[in-house]
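Listed here are the chains, written in short residue letters.
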Amino acid sequence: MVQILVQSLIPLSVFLMMKICTPQAEVVVPKNATISAIFMFGDSIVDTGNNNHLVTLVKSNFPPYGRDFMGGKPTGRFSNAEKLGIKELLPAFLDPNLQLQDLIGGVNFASAGAGFDPLTSELVLAIPMSKQLQLFDEYKTKLKSFVGEERADYIVTNGLYIVSAGSDDIVNTYFHTPTRIFEYSVSSYTEFLVRSASSFLQELHAKGARRISVCSLTPLGCIPSQRTLAGGIKRRCAEGYNKMVQLFNSELSSELRRLNGACPHARMALLDVYGLVFDMVKNPRKYGFEISDRGCCGSGLIETGFLCNRWNFLTCLNVSGYVFWDSYHPAENVYKIMVQKKLGKLLIDLYS
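A short tour of the structure in this document, coming up. For clarity, every value in this text was computed on a predicted model and none was experimentally measured. (Residues numbered from 1 in each chain as written. Predicted model: local features only at pLDDT ≥ 70, side-chain atom pairs only at ≥ 80, totals over all residues. Heavy atoms only, no water.)

### Let's talk about the environment of Val245
Within the fold, Val245 resides in helix 8 (residues 239-262). With a relative accessible area of 0%, Val245 lands in the buried category. Apart from the residues within four sequence positions on either side, Val245 is in contact with Ile170, Leu217, Thr218, Leu220 and Tyr274. (Helix = DSSP H or I, 4+ residues; strand = E, 2+ residues; numbered from the N terminus. Buried < 20%, exposed > 50% of the residue type's maximum accessible area, 1.4 Å probe, protein only. Contact = heavy atoms within 4.5 Å.)

What follows is the structure, encoded as structure tokens:
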């Protein structure tokens, strides 16, 4: 066995770090683990700035986002997380300043607002998951032209792939638009999402991915915005949302087990953080937090994205006391805890 140190990157991309400097987050991984690069697909939980280059309202390339990141500059990340991993910055593939040298350690294809349901991306003009796969093809072509086919194949085959999507499908597309909720029951829409996720993963595998981590959904009924919209006058956790999330996580886990048997040489693992985040929400002081029902940004009840910018003067100065940075995304310290408690098992699941 070998040891690596891990520190947080930003929302869930946090889990990819290969070398780092957070002493309390030491992780033991199998000795034969070879990780050549990191690739991210999905939504705002892992988008590192692709939406900066789209015509969409789902952006965060303005204050107060980035306040604690690389000199306080907003970069398009939906969190205040600061620290980095395998490379100083996992770049967004659509960044016009992306250099060929940047391709070697991996890139990010995620787009805030995207989902496994194609309608989810369409509603907010995010990059659909199918288009993210097309961008991966473009990446491979550029990489081969730069380092040659043999090395490019090695980088792609030995990369660690992170997929995080589904939150916007449930919160925005199913519960808050007059479309899917009339077409599908909770169970049938969940099955639809899992089928879509499975198709995406199989295509990703066909394009060369072999080690894939799929992030579970967190208790979406407990995020501040959904407490406000669906939690009643007392802003309790919306239990219907959480039950749907639990059903999705369970069915996704079963599908990953099936795919592990069906896809040659593949290892896919669920990064299950539902229970951990739920416990942080219900018992914040246990983890060093004070407030778990509001975000740090603005009033903390509903603001995210440009609304946080509008109420920038209300952004709190003591973010360390909050579980959530805005009304949708967890704060940096939440990801640090996730790293400490979940990354080691994930890497063992993928590389043992």
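### Some points on the nonpolar core
By size, the foremost hydrophobic cluster in this structure holds 88 residues, and its most contacted members are Tyr139 and Leu204. Among the elements that take part in this core, helix 11 (residues 332-351) stands out by supplying ten residues, more than any other. Once you skip the residues sitting within four places of it in the chain, Tyr139 turns out to touch Phe39, Phe93, Leu103, Gly106, Val107, Phe109 and Ile155. If you look at the next biggest cluster of nonpolar residues, it comprises six residues, including Ile291, Tyr322, Trp325 and Ala331. (Core = buried A, V, L, I, M, F, W, Y, C linked by side-chain atoms within 4.5 Å.)

### Focus: the pattern of salt bridges
Enumeration according to the criterion identifies nine salt bridges in this entry. For Lys144, the salt bridge is made with Asp153, and the minimal N-O distance between the two is 3.9 Å. Here Asp153 falls in the partly exposed class, since its relative accessible area comes to 35%. Arg235 serves as the salt-bridge partner of Asp293, at 3.9 Å between the closest nitrogen and oxygen. With a gap of 58 residues between them, Asp293 in strand 7 (residues 291-295) and Arg235 in the loop between helix 7 (224-230) and helix 8 connect regions that are remote in the sequence. Among the charged side chains, a network of salt bridges with common partners joins Asp117, Arg180 and Glu183. (Salt bridge = Lys/Arg side-chain N within 4 Å of Asp/Glu carboxyl O.)

### Examining the layout of surface pockets
Taken as a whole, the second largest pocket holds about 240 Å³ of empty space. Lining of the second largest pocket is provided by 13 residues; of these, Ala269, Leu270, Leu271, Lys345 and Asp349 occupy positions nearest its centre. Sorting the residues of the lining of the second largest pocket by element identifies helix 8, strand 6 (267-271) and helix 11 as the ones contributing at least two each. The residue makeup of the lining of the second largest pocket, split by class, is six nonpolar, two polar and five charged. (1 Å grid on protein atoms, 1.4 Å probe; cavity = no way out; pocket = protein on both sides within 12 Å on 5 of 7 lines; lining within 4 Å. Points joined across faces, edges and corners; volume = space filled by probe spheres on them. Nonpolar A, V, L, I, M, F, W, Y, C, P; charged D, E, K, R; others polar.)

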